[in-house]
Amino acid sequence: MALSPEHFELFKKHLRETCGSSIACPTCGQSLWSIDGPVVMLEYSVELESAVINGKGAPVVVMTCTHCYFVRQFAWLPILGHKVTFAAPAEDDSDVQR
Ligand SMILES: [Zn+2]
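These notes cover the structure that comes with them. (Residues numbered from 1 in each chain as written. Predicted model: local features only at pLDDT ≥ 70, side-chain atom pairs only at ≥ 80, totals over all residues.)

**A closer look at the overall build of the protein chain**
Test applied: Numbered from the N terminus, helices here are DSSP runs of H or I no shorter than four residues, and strands are runs of E no shorter than two. Exposed residues have 12 or fewer other C-beta atoms within 10 Å of their own C-beta, buried residues have 20 or more, and partly exposed residues fall in between, where C-beta atoms are placed from the backbone. Contacts here follow a simple rule: the backbone-placed C-beta atoms of the two residues must lie within 7 Å.
Helices and strands together make up the secondary structure of the protein chain, namely two helices and three strands. Element order for the protein chain, N to C, with α for helix and β for strand: α-β-β-β-α. Taken over 98 residues, the protein chain has a buried fraction of 8%. In the protein chain, 46% of the contacts between residues at least 6 apart in sequence involve partners at least 24 apart.

**Some thoughts on unusual backbone geometry**
Most peptide bonds are trans, and most residues other than glycine sit at a negative phi. Residue Tyr69 is not a glycine yet carries a positive backbone phi of 75 degrees. For Tyr69, the position within the fold is in the loop between strand S2 (50-65) and strand S3 (71-75). The class for Tyr69 is exposed, based on 11 C-beta atoms found within 10 Å.

**Some details on helix H1 (residues 5-19)**
We apply this condition: Expected span, for any helix, means 1.5 Å times one less than how many residues it has.
Relative to the 21 Å expected for 15 residues at 1.5 Å per residue, H1 spans 20 Å between its end C-alpha atoms, a close match to the ideal helical length. Among the 15 residues that make up H1, one are buried, leaving the element largely open to the surroundings.

**Some thoughts on the environment of Met1**
Turning to its location among the elements, Met1 is positioned in the segment before H1. On a C-alpha basis, the gap between Met1 and Pro38 in space is 6.6 Å, while along the polypeptide they are 37 residues apart. Those residues in contact with Met1, other than ones at most four positions away along the chain, are Gly37, Pro38 and Val39.

**Brief notes about the environment of His7**
Mapped onto the secondary structure, His7 falls in helix H1. Residue class for His7 comes out partly exposed when judged on the 16 C-beta atoms lying within 10 Å of it. Expressed as a C-alpha distance, the spacing of His7 and Pro38, which sit 31 residues apart in the sequence, is 9.3 Å.

Shape is all these values report; function is a separate question.
In structure tokens form, the structure reads like this:
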């Protein structure tokens, strides 16, 4: 599913404000991204050879490097302005915002 034009502009604004004007791919160093979403990443568990989907999930916007196909995901609800509570970070992630 593609972002609406308004949501695409909102996402680009979020990237500019939080990540800067150019985002290099961490694996190949290129800055060639395809943006898609929001999609829902389902939480699942794997038992033997089958995946069990439990119905929980979170909408994310996906950025795919069009050079090496590395994928980044951004939580969509806080970008939209919804208050979202994240799980407490591990103790060594003290600089991570809760
Ligand atoms: Zn890449």
